[in-house]
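# Observations on chain architecture
Below, each chain spelled out in residue letters.
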Number of protein chains: 2
Amino acid sequence: MAEAVFDPPALEPRTLRIFPTGGLGEVGRNMTVYEIDGKILIVDCGVLFPEPDQLGVDLILPDFGPIRNRLDDVIGIVLTHGHEDHIGAVPYLLKLRGDIPLIGSGLTLALVEAKLKEHRIKPYTLQVKEGDVETLGPFTLEFIAVNHSIPDALAVAVTTWAGVVLHTGDFKMDQLPLDGRLTDLRAFSRLGENGVDLFLPDSTNADVPGFTPIEREIGPVLANVIANAPRRVVVASFSSHVHRVQQVMDAAAKNGRRVALLGRSMVRNMGIAAELGYLKVPDGVLIDYRKAADLSDNKIVYMSTGSQGEPMAVLARMANLDHQIELGPGDTVILASSLIPGNENSVYRVIDGLTKLGATVVHKGNAKVHVSGHASAGELLYCYNILKPTFVMPVHGEYRHLDASAKLARQTGIPDENTILASNGTVVDLHEGVARVVGQLDIGYVYVDGSSVGEITDADLKDRRILGEEGFISVIVVVEAASGRIVAGPEIHARGFAEDDAVFDAVKPKIAAALREAAGNGVRDNHALTQLVRRTVGRWVNTSYRRRPMIVPLVIEA
Amino acid sequence: MAEAVFDPPALEPRTLRIFPTGGLGEVGRNMTVYEIDGKILIVDCGVLFPEPDQLGVDLILPDFGPIRNRLDDVIGIVLTHGHEDHIGAVPYLLKLRGDIPLIGSGLTLALVEAKLKEHRIKPYTLQVKEGDVETLGPFTLEFIAVNHSIPDALAVAVTTWAGVVLHTGDFKMDQLPLDGRLTDLRAFSRLGENGVDLFLPDSTNADVPGFTPIEREIGPVLANVIANAPRRVVVASFSSHVHRVQQVMDAAAKNGRRVALLGRSMVRNMGIAAELGYLKVPDGVLIDYRKAADLSDNKIVYMSTGSQGEPMAVLARMANLDHQIELGPGDTVILASSLIPGNENSVYRVIDGLTKLGATVVHKGNAKVHVSGHASAGELLYCYNILKPTFVMPVHGEYRHLDASAKLARQTGIPDENTILASNGTVVDLHEGVARVVGQLDIGYVYVDGSSVGEITDADLKDRRILGEEGFISVIVVVEAASGRIVAGPEIHARGFAEDDAVFDAVKPKIAAALREAAGNGVRDNHALTQLVRRTVGRWVNTSYRRRPMIVPLVIEA
């Protein structure tokens, strides 16, 4: 159900315009555009991972269309934290204009810089921390500590002539965080007392009742599994989950085990986190995985990527015996991660493979080895009550999440008409503390496939689906231009259609007859002849096989 | 990880041979072959639904290969219950030999007959009920009531010269079943006391700790949602779940609502269930959906298909506003079903669509509106302890389920070496009460696509995956046979590749040059020229786009 598109009016002075170009109605490619007095601020610029029916797509970017001709007016990109769905599209935006400053915390900037290095881009950066206030043109930005499943996450309060907007980025409210860095509810209180005109909260878990369990509940479970494991232990997790890795390292150290990191992103991210002091590696616990094989089996923990069953990641390769570390009976694998919807089949395939090798597999389904990084309904109620914002526009989530967040807002007393259920491209203007929907832009998917960005369209994906599900039949006939007489063919080749090519002997005479008849009637138009071939073959295959492969006819004049 | 294949020895007299040709290491296409003294008995013959990477496949059948030349020796097919994964492949087996008798309970046979009617097959049937004992050649079959998510399910005890085998079919052990029909543990006890040599238990939920909640817990929840719904109610469920439909009808009647059935399979199955007395329709509660529109909104409950998000089913069409019943604010939708792994994306898409229309969506994630139909670990322990079988071979499930079931068996005292962790094709011989693995057959997937059965191979599916993910580039060149001179082309067309066809102008001269050079060197072999074209285009596209579409070259001599 696409939104009805309508253009917003020209932007009035002292009015703040806000529109998301990704991240609403989906989990990923978060990006929100703020504009006032001719200047643009961007908050987050992430990627979305494709669904299984978006065949062959590597990544999906936010739609830069609405700002493509306004890049010179962009004064900065605030990055709330270092997850891919908030920073992953930065290289693609910087390819359009390389000197847009990136604003974020130490860890966030370090992660985005490592990513940009792979794209050979050296960005301009402005490092900030909680409590900092920066003024960029018409925007005054205050950064506030929030707790999430990666360290050093920040919310940002954007103050302009038009009012105060609080944008949380991803967050939860673990009240006993491992690093002691709480979501700063005192700052939320102060902002609330002074008046927050518009609140953009992370709503990913708004439909989950109650409270997200605290990270500290995971540690003892991990420690217990590691303490009782008879042989090797492999822990798979997101490669940016510094606190989970910390818990594993601490448990390993306590049990006289060493830790080897596996997987390029795990090695890279934990290197950065350790260097910047976010990961505190216990003395002597780290070991290169190539040397780990020399240790006895009960002295090692491997920390690996692949918790979502990604086929090329370490864990899936171990499950397929396609990795130099060959697991067997007595070994223990812990999947210390959530199961992102859509990945179930891949993850269960990996669990089955590991079980078949004899390994014991511990996962969310049979032990408490993961908690979410997002605030559940109960936490969001705290937020709404502490802030008492005038207007609310839930962000970061599928429609049901945004809807659940809006319902929570209403339950705390925010009037219906002040609750904005937006989608990508919804344009909201804030003027003298009043927020109003003034337009709806047409926001598309921007697909990355190999080195192509934005070349693939939804029509191409539809073609791919047909090709994938049905295969194709290509039919080539060479005709004499003047007479229409067949000089070669019909040659018929099929792929993904499955039947032996010999079956086409049945349709070749039909094609030849149809073309002869057309030639006899004086038809010489190539397009008409091509369509004739398509129809003849299509009808035959549909009747004979009750299937609809793509028919690719070609009539060549020679 | 395919099993190492090895042939079983010739079957000795008075030895029972058992092998599954589907259903182990997967959830679906259950079929087990029993053979003794030259006669074959089949237990169940179901379909497996394809995974998303098995593109375009409609159904997957058990591999009939091992019995294809033995069909005349088959004396019957026992069908334990009427679910698709146990009866769905019967039409395909009966197409090979139409007069194999089907043996099952009243509801099971009625459902399979309705299905066979669509294939224009009228089967020979033998209706049985719990307590019945039938002798078919060397097999004596005793049927035992079991409780499952469809009425009238039966376990079967197969007694031969070789010993006693108990095969549960799917079951759970609801101790307060809605229809009062318990899994008959007294019969299990009696069998156990007399000695069960080999036990084949449904292990689908063996990795779920504890006990499957009872169906009666669902009724009040459904009733409560229906009682408090302000407007229309839609309940989506599996179309064979008679008890769930019964609960909905009862709740509707109690609240002065009428029930309309939506979806072809729902109408068909409930018609059969009501006719046979398994569904007790409260007086005057049923109404044709075409007349339901005349009722006021708080007087109707629609009972529909589509609980797994199937795109063509009623519920998905409602979510897309592509159904004559248009839902809106105040309407309530209940998904009273499990979420089968792999269907998450489709189901969440439907939930989002319905939420966007303003409907309240109640599902497993936010209310207790479904329980599983399979015995959890706790129930299986009861079974193992009551039966105390000598040998165990867990069936019906992925490897991790079978493995979990075997572990439970060992915990109750069944020795390791008497626990057979089999896969499809594992051949077990039972002789004088001793079961032993004696062979491993090579069991393949049999894909149904349109009217093709078994024509599609794994190689075709690989082609489809490449086509689906990358598209193809077809290159046609017409050359003069004698000289090798190009007389037409290269014509290049691509589908699913995404870039404008004009990009191929860059590679056409390369192809022409390569062919000219080959012609100059006297190369005339069509295969060599075709490969040359493939290589030229493949290299270019890989360098320019970092992608690997299928290259389909064709050199025509004219």
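Definitions and limits used
- Residues numbered from 1 in each chain as written.
- Chains lettered and ligands numbered in written order.
- Predicted model: local features only at pLDDT ≥ 70, side-chain atom pairs only at ≥ 80, totals over all residues.
- Heavy atoms only, no water.
- UniProt positions renumbered as here; feature names shortened; annotations may be inferred.
- Buried < 20%, exposed > 50% of the residue type's maximum accessible area, 1.4 Å probe, protein only.
- Helix = DSSP H or I, 4+ residues; strand = E, 2+ residues; numbered from the N terminus.
- Arc of directions from axis to C-beta.
- Contact = heavy atoms within 4.5 Å.
- Buried area = accessible area lost by both parts, 1.4 Å probe.
- Salt bridge = Lys/Arg side-chain N within 4 Å of Asp/Glu carboxyl O.
- Nonpolar A, V, L, I, M, F, W, Y, C, P; charged D, E, K, R; others polar.
- Polar contact = N/O pair within 3.5 Å; in protein donor to acceptor, adjacent residues only side chain to side chain.
- Least-squares fit on C-alpha atoms with pLDDT ≥ 70 in both.
- Phe/Tyr/Trp six-rings, centres within 6.5 Å; stacked < 30°, edge-to-face > 60°.
- Lys NZ or Arg CZ within 6 Å of the ring centre and 35° of its normal.
- Pairing = 2+ DSSP bridges.
- Axes fitted to C-alpha atoms, helices over the stretch in contact; angles between N-to-C directions.
- Expected span 1.5 Å × (residues − 1).
- 1 Å grid on protein atoms, 1.4 Å probe; cavity = no way out; pocket = protein on both sides within 12 Å on 5 of 7 lines; lining within 4 Å.
- Points joined across faces, edges and corners; volume = space filled by probe spheres on them.
- Domains from an automatic or database assignment.
- Parallel < 35°, antiparallel > 145°, perpendicular 65-115°, else oblique.
- Left-handed = near helix turned anticlockwise from the far one by under 90°.

Per an unreviewed UniProt entry, the recorded name for chain A is Ribonuclease J, and the organism is Gryllotalpicola protaetiae. You can read under Sequence similarities (unreviewed entry) in the UniProt record for chain A the words "Belongs to the metallo-beta-lactamase superfamily. RNA-metabolizing metallo-beta-lactamase-like family. Bacterial RNase J subfamily." UniProt, in its Subunit (unreviewed entry) section for chain A, records the words "Homodimer, may be a subunit of the RNA degradosome."

### A few points about helix α5 (residues 218-228) of chain A
Residue and element names in this part refer to chain A. The set of residues buried in α5 consists of I218, G219, L222, A223, V225 and I226. With its buried residues spanning 165 degrees around the axis, α5 presents them on a single face. Projecting away from the buried face of α5 at angles above 90 degrees are the exposed residues P220 and N228. Packed against the buried residues of α5 are β13 (233-236), α6 (242-254), β15 (300-304), β16 (332-335) and β17 (360-363).

### Examining the interface of chain A and chain B
Each partner contributes to the interface: chain A provides 59 residues, whereas chain B provides 59 residues. Roughly 5600 Å² is buried in total at the junction of chain A and chain B, and carbon and sulfur atoms are behind 56% of that figure. Across the pair B:D449 and A:R547 runs a salt bridge, and its minimum N-O distance is 3.4 Å. Looking at the side of chain A that touches chain B element by element, the count peaks at nine residues for helix α10 (residues 344-356) of chain A. When its residues are assigned to classes, the side of chain A that touches chain B shows 23 nonpolar, 13 polar and 23 charged.

### Regarding the side chain of A:T168
Residue and element names in this part refer to chain A. With respect to the helices, strands and loops of the structure, T168 is situated in the loop between β11 (163-167) and α4 (185-194). From its side chain, T168 meets the backbone nitrogen of D202 in a polar contact 2.9 Å long. With sequence-adjacent residues up to four places away left out, T168 is seen in contact with V146, L154, A155, F199, L200, P201 and D202.

### Quick word on the environment of B:Y34
Residue and element names in this part refer to chain B. Along the chain, Y34 falls in strand β2 (residues 31-36). When its relative accessible area of 0% is taken as the criterion, Y34 is described as buried. Taking the C-alpha atoms as reference points, Y34 and V158, 124 residues apart in sequence, are found 9.1 Å from one another. For Y34, the residues in contact, after removing those within four places along its chain, are L16, R17, I18, K39, I40, L41, V43, F139, V158, V165, H167 and L200. Separated by 2.7 Å, the side chains of Y34 and H167 make a polar contact.

### Describing the relation of the copies chain A and chain B
For the pair of chain copies, the relating operation is a rotation around an axis with a shift along it. Rotating chain A by 180 degrees and moving it 0.0 Å along the rotation axis overlays it on chain B with an RMSD of 0.1 Å. The two molecules are tied by a two-fold rotation axis, judged by turn and shift. For chain A, the smallest separation between a C-alpha atom and the rotation axis is recorded for A:G468, amounting to 1.9 Å. A symmetric contact is evident, with 100% of the interface residues of chain A recurring at the interface of chain B.

### A short note on the packing of aromatic side chains
Within this structure, the stated rule accounts for 15 aromatic pairs over all chains. Ring plane angle 90 degrees and centroid distance 5.8 Å describe the contact between B:F199 and B:Y384, whose orientation is recorded as edge-to-face. In this pair, B:F199 is assigned in strand β12 (residues 198-200) and B:Y384 in helix α11 (residues 377-387), connecting sequence segments 185 residues apart. Each member of the pair, B:F199 together with B:Y384, is buried. Seen from the ring of A:F497, A:R547 lies directly overhead, with NZ or CZ sitting 4.6 Å from the centre. In this structure, B:R14 is placed above the aromatic ring of B:W161, and the distance from its NZ or CZ to the ring centre is 3.5 Å.

### A few points about unusual backbone geometry
All names here are of chain A. Positive phi, normally seen in glycine, also occurs at R29, with a value near 40 degrees. As for its placement among the helices and strands, R29 is situated in the loop between β1 (16-22) and β2 (31-36). We note that L321 has phi near 55 degrees; this positive angle belongs to a residue other than glycine. Turning to its location among the elements, L321 is positioned in the loop between α9 (314-319) and β16.

### Some details on the UniProt feature "domain: Metallo-beta-lactamase" (unreviewed entry) in chain A
Residues annotated in UniProt with the feature "domain: Metallo-beta-lactamase" (unreviewed entry) correspond here to residues 28-222 of chain A. Secondary structure across residues 28-222 of chain A divides into 19% helix and 27% strand, with the first and last C-alpha atoms of the span separated by 29 Å.

### Quick look at the sheet that holds strand β15 (residues 300-304) of chain B
Residue and element names in this part refer to chain B. The five strands lie next to each other as β14-β15-β13-β16-β17, forming an open sheet whose pairing is parallel. Either end of the sheet is taken by a strand with one partner, and the two such strands are β14 (258-262) and β17 (360-363). On average, each strand axis in the sheet is tilted by 20 degrees relative to the strand beside it, whichever way the strands run. Where strand β13 (residues 233-236) meets strand β16 (residues 332-335), four bridges bridge the pair, whose relative direction is parallel. Of the residues in β16, the one forming a bridge with V235 is I334. Contacts from helix α5 (residues 218-228) reach β13, β15, β16 and β17 within the one sheet, and its direction differs from that of β16 by about 170 degrees. Those strands touched by helix α10 (residues 344-356) are β16 and β17, and its axis lies near 150 degrees from that of β17.

### A few points about helix α15 (residues 526-545) of chain B
Helix length check: α15(B) (20 residues) gives 28 Å between terminal C-alpha atoms against 28 Å at 1.5 Å per residue, within 8%. What α15(B) keeps buried is the set B:L529, B:T530, B:L532, B:V533, B:T536, B:V537, B:G538, B:W540, B:V541 and B:Y545. The inward-facing, buried residues of α15(B) contact β21 (446-449) and β22 (452-453) of chain A together with β23 (472-479), α14 (508-520) and β25 (550-557) of chain B. Phi turns positive one or two residues past the end of α15(B), at B:R546, with a value near 50 degrees.

### Structural notes on empty space enclosed by the protein
Empty pockets left among the atoms are what a rolling probe the size of a water molecule brings to light. Applying the stated rule across the entire model yields six cavities of 30 Å³ or more. Lining of the largest cavity is provided by B:V479, B:E480, B:A481, B:G484, B:V523, B:R524, B:L529 and B:E557.

### As for the pairing of β17(B)
Both β16(B) and β17(B) contribute to a ladder of four bridges, which runs parallel. Bridging across to β17(B), B:V333 finds its partner in B:V361.

### Examining the domain arrangement of chain A
Considered domain by domain, chain A is made up of domain 1 (17-210 + 373-453), domain 2 (215-363) and domain 3 (471-557). For domain 2 of chain A versus domain 3 of chain A, the separation of C-alpha centres amounts to 56 Å.

### As for the packing of helix α3 (residues 106-118) of chain B against helix α7 (residues 264-275) of chain B
Residues and elements named next belong to chain B. Following both chains from N to C, one finds α3 and α7 inclined at 135 degrees, their axes separated by 10 Å at the closest point. With respect to α7, the element α3 is oriented oblique. By crossing handedness, the relation of α3 to α7 is classed as right-handed. Packed against α3, whose contacting residues are L107, A110, L111, A114, K115 and E118, the element α7 presents R264, R268, N269, I272 and A273 at the interface. Across the contact of α3 with α7, the residue classes tally to six nonpolar, one polar and four charged.

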